[in-house]
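Here is what each chain is made of, one letter per residue.
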Amino acid sequence: MAEKQTHTFQTEVSQLLDLMIHSLYSNKEIFLRELISNASDAIDKLKFESLANDKMVEGKQDLAVYVSIDKEQKTITITDNGIGMNESEINKNIGTIANSGTKKFLQSMDKKQAQDTNLIGQFGVGFYSAFIVADKVTLISRKAGSKGKKGTKWISAGKGKYSIEKVDCPDFGTSITLHIKDSELEFLEEHRLRGIISKYSDHITVPIMMLKHSEDEKQIEYEAVNKANAFWAQDKSALKQKDYDEFYKSMTFDLEAPLTQLHNKVEGNINYTSLLYIPTKAPFDMWEPKRKGGIKLYAKRVFIMENNEELMPLYLRFIKGVIDTADLSLNVSREILQGNKVVDTIRKASVSRILKELEKMAKNQPEKYATFWQEFGMVMKEGVVEDFANKDKIAKLLRFVTNKSVDSKQTATLECYVKSMQKEQKAIYYITAETYEAAKGSPHLEVFNQKDIEVLLLSDRVDEWMVSNFGEFDGIPLKSVAKGDLEDLDSKEDKKEKEKTAKDFDKVVEKMQKILANQVKEVKISKRLSESPSCLVADENEMGGNMERIMKSLGQDVPDTKPILEINPNHPLVKKLKTKINKDIVNVLFDQAVLSEGGQLKEPAEFIKRMNKLIK
């Protein structure tokens, strides 16, 4: 094709360009990071391809990215001698957003080979960021190893159309020229670009070259403006906190600095370096079912893969960072990682290191740990169930609110709970509810408040699942205050008194059971209540009311079980029943018990009618 042809962008691309130009990036300097990442990506592809076909590099050994400025023409040019593209690939990779160069490259390779690439970003969306600062973009590219010296020129103003034509192109690779908008001329300053490269791309292992200032104007020399080495491989003593923060931001695109980092080099039977970060804020998609972790795996500084669940357990999915080992081959696949001894050892050591760091933070920097817990407390609770080997360590990191807490902040530890237990207390008591307020106001707590016994108030959505699998802490079992009997709370004298009271209400209980036969499993005289007239209790081994509601909200099938209704013999409403059984009072007692634990009434209108009758 000798003549220039004009094409229309795919609809989705036009929409993306409009979004990119007007609203996607508030931080405009991101464009340079994206284009350099793509250029580095292209060089890594060429390195990989040239392993099988060394003719592709056409005798060139020095592969690099070049950034140049032309103030007169108001242009910035980013050039690489990487894999390059032919006309068909340019149309597919740039003309349609659904086709990413990196994506297609991966799909074209064998599954095992696909892991043997140092891919930083996906060519496609990142390329369009050029239009944030440019009103026209010119791309010239020639595929490495192609016959002849003809390349392809692509030009677009980002307004729905682009032109494409054949041009002479002696060098393989890709050159992208940005015609900078008048409103963005700050990016034509060399010091500005060098600062951006240092900020975002310092760790990229490909040299990023810019013109070197020389007294001899005729002499053209380039110098590397990035360190071009793996950041994590540098000596810790030579790095400052600012360096760690900037690397974290460049890797995660997080605007906030991390809460802390763990940088370790391990030598022995297995050699590896890990740089792991604990973010300050939880990612917005932390609870998305398909969300994966944020650990990148390298083998001898060559990027292998990221977001692999074998590298970090699910409950630590918020951890970001890099693991680089010399003990994995470059052609390792995701399937090979499963059950791999090297990966298993690194994972085990990394988890242990993270938990120790959190333990140290909780002890020495409680305010900092409080920040961590506020963001990641709920996900850490998953670890009690998921990571049995570290259950005790994780349990010590948990924080709770109790009936003795001054507010709703989760600050109480299980260790403190155990230390403050009463002499005869045999369990760690807890109650689960949909909200903190519902838990704190539950009638099930009345006897515990009366006897000054601490109870954990659990209202996080994950709490039901956690406590149902917790078992015990420090040899002491966890027990729900809304399940089973509470025999161990009473002294011998209390038991005798309550047994006598229960006998006085035998007939009342019997008649109530007949009236409520369809709603409850049993009616009992309560040992829990001191103020409220009634409450619902589940059998020790049955699902509690809160868990049942959670399961139903998730669309799960719930076993058909009936609760136990406990009544307070000292309450005026219950005392009335001893004189005469009133069906309205009986039903009101049941309905109140349902409401007090956060349940919903099947017939709320009937409840109102009964209440109105009793008020008259």
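Just above, that's the structure.
Cut-offs applied
Residues numbered from 1 in each chain as written. Predicted model: local features only at pLDDT ≥ 70, side-chain atom pairs only at ≥ 80, totals over all residues. Heavy atoms only, no water. Helix = DSSP H or I, 4+ residues; strand = E, 2+ residues; numbered from the N terminus. Expected span 1.5 Å × (residues − 1). Contact = heavy atoms within 4.5 Å. Patch = residues over 30% accessible without salt bridge, like charges linked within 9 Å, V, L, I, M, F, W, Y side chains within 5 Å. Areas by Shrake-Rupley, 256 points an atom, 1.4 Å probe, with all protein chains shown as cover. Salt bridge = Lys/Arg side-chain N within 4 Å of Asp/Glu carboxyl O. Lys, Arg positive; Asp, Glu negative; His and termini not counted. Charge placed at Lys NZ, Arg CZ, Asp CG, Glu CD. Buried < 20%, exposed > 50% of the residue type's maximum accessible area, 1.4 Å probe, protein only. Phe/Tyr/Trp six-rings, centres within 6.5 Å; stacked < 30°, edge-to-face > 60°. Lys NZ or Arg CZ within 6 Å of the ring centre and 35° of its normal. Axes fitted to C-alpha atoms, helices over the stretch in contact; angles between N-to-C directions. Left-handed = near helix turned anticlockwise from the far one by under 90°. Nonpolar A, V, L, I, M, F, W, Y, C, P; charged D, E, K, R; others polar. Pairing = 2+ DSSP bridges. Polar contact = N/O pair within 3.5 Å; in protein donor to acceptor, adjacent residues only side chain to side chain. Core = buried A, V, L, I, M, F, W, Y, C linked by side-chain atoms within 4.5 Å.

A.B. asks: Run through helix α10 (residues 366-386), naming residues and quoting values.
C.D. replies: Taking 1.5 Å of rise per residue, 21 residues should cover 30 Å, yet α10 covers just 26 Å from first to last C-alpha, more than 12% shy of that figure. Residues of α10 that are buried in the fold lie against β11 (272-278), α9 (341-364), α11 (391-397) and α15 (463-468).

A.B. asks: Pulling in residues and values, what's your account of a positive patch on the surface?
C.D. replies: A grouping of Lys426, Lys492, Lys495 and Lys496 is seen on the molecular surface, where their side chains present a positively charged patch. Mapped onto the elements of the fold, Lys426 is located in the loop between α12 (414-419) and β16 (428-432). Take Lys426: its relative accessible area is 57%, and that puts it in the exposed class.

A.B. asks: Quick one: what's the story with the packing of aromatic side chains, residue by residue and with numbers?
C.D. replies: Evaluated as defined, the whole model comprises 13 aromatic pairs. For the ring pair Tyr369 and Phe372, a centre distance of 5.4 Å and an interplane angle of 40 degrees mean the geometry is tilted. Here Tyr369 and its partner Phe372 are both found in helix α10, three residues apart, which amounts to about one turn of the helix. Of the two residues, Tyr369 and Phe372, both sit in the buried class. With a centroid separation of 5.5 Å and an interplanar angle of 35 degrees, the aromatic rings of Phe372 and Phe376 are classed as tilted. Highlighted residues: Phe372 and Phe376, both in helix α10, separated by four residues, approximately one helical turn. Comparing Phe372 with Phe376 shows no difference in burial state: the two are buried. Through successive ring pairs, a cluster of aromatic residues spans Phe231, Trp232, Tyr244 and Phe247. Directly above the aromatic system of Trp287 lies the positively charged group of Arg317, at a separation of 5.3 Å from the ring centroid.

A.B. asks: Give a description of a nonpolar patch on the surface that names residues and reports values.
C.D. replies: A cluster of nonpolar side chains, Leu211, Ile220 and Tyr222, forms an exposed patch at the surface whose accessible area comes to about 300 Å². With respect to the element layout, Tyr222 can be found in strand β9 (residues 222-224).

A.B. asks: Which residues make up the packing of helix α2 (residues 30-52) against helix α6 (residues 190-200), and what are the values?
C.D. replies: Interaxial distance between α2 and α6 falls to 9 Å at its minimum, and their mutual angle equals 65 degrees. The interaxial crossing formed by α2 with α6 has right-handed handedness. Contact with α2, carried on its side by Ile30, Leu32, Arg33 and Ile36, involves Leu193, Ile196, Ile197 and Tyr200 of α6 and no other residues of that element. Grouping the constituent residues of the contact of α2 with α6 by class yields seven nonpolar, no polar and one charged.

A.B. asks: Give a description of unusual backbone geometry that names residues and reports values.
C.D. replies: Positive phi values are uncommon outside glycine, yet Asp452 reaches one of about 60 degrees. With respect to the secondary-structure elements, Asp452 resides in the loop between α14 (446-450) and β17 (455-458). With a relative accessible area of 48%, Asp452 lands in the partly exposed category. The phi torsion at Asp474 lies on the positive side, around 55 degrees, for a residue other than glycine. Checked against the element boundaries, Asp474 lands in the loop between β18 (472-473) and β19 (476-480).

A.B. asks: Lay out a negative patch on the surface with the relevant residues and their values.
C.D. replies: On the surface, Glu359, Asp392, Glu415, Glu472 and Asp474 cluster together into a negatively charged patch. When you line up the elements, Asp392 lands in helix α11. Judged by relative accessible area, Asp392 falls into the exposed class, the value being 54%.

A.B. asks: Give a description of the pattern of salt bridges that names residues and reports values.
C.D. replies: Counted by the stated rule, this structure contains 25 salt bridges. For Glu184, the salt bridge identified is with Lys28, shortest N-O distance 2.6 Å. Taken together, the residues Glu184 in the loop between β7 (173-180) and α6 and Lys28 in the loop between α1 (11-24) and α2 connect sequence positions 156 residues apart. Where Glu606 meets Lys609, a salt bridge forms, and the shortest distance between an N and an O atom there is 3.7 Å. Taken together, the residues Glu606 and Lys609, both in helix α21 (residues 604-615) and three residues apart, mark about one turn of the helix.

A.B. asks: Can you lay out the sheet that holds strand β15 (residues 401-402) for me, pointing to particular residues and giving the numbers?
C.D. replies: Strand order in the open sheet made by the five strands is β15-β17-β16-β19-β18, with mixed pairing throughout. One side of each edge strand has no neighbouring strand; the edge strands of this open sheet are β15 and β18. When β16 meets β17, the two strands line up parallel, connected through four bridges. Bridging across to β17, Ile431 finds its partner in Leu457.

A.B. asks: Now, about the side chain of Thr413: what can you tell me, with residues and values included?
C.D. replies: Examined against the element boundaries, Thr413 turns out to sit in the loop between β15 and α12. A polar contact of 3.0 Å, which involves the side chain of Thr413, links it to the backbone nitrogen of Cys416. Excluding residues within four positions of it along the chain, Thr413 makes contact with Leu398 and Arg399.

A.B. asks: Give a detailed account of the nonpolar core, specifying residues and quantitative values.
C.D. replies: Counting 69 residues, the largest nonpolar core has Phe318, Phe372, Met380 and Tyr429 as the members making the most contacts within it. Element by element, the count of residues in this core is highest for α9, at nine residues. Filtering out sequence-adjacent residues up to four positions away, Phe372 remains in contact with Leu259, Ile278, Phe318, Leu358, Met361, Gly377 and Met380.

A.B. asks: Explain the pairing of strand β5 (residues 150-156) to me, and be specific about the residues and the numbers.
C.D. replies: With five of seven residues buried, β5 lies mostly within the body of the structure. In this structure, strand β4 (residues 134-142) lies alongside β5, joined through five bridges in antiparallel fashion. Note on β5: the bridge partner recorded for Leu139 is Trp154. In this sheet, strand β6 (residues 161-168) lies alongside β5 in antiparallel orientation, the contact comprising seven bridges. Counterpart to Trp154 in the pairing with β6 is Ile164. Adjacent in sequence and paired antiparallel, β5 and β6 are bridged by four residues, among which Gly158 carries a positive phi angle near 75 degrees.

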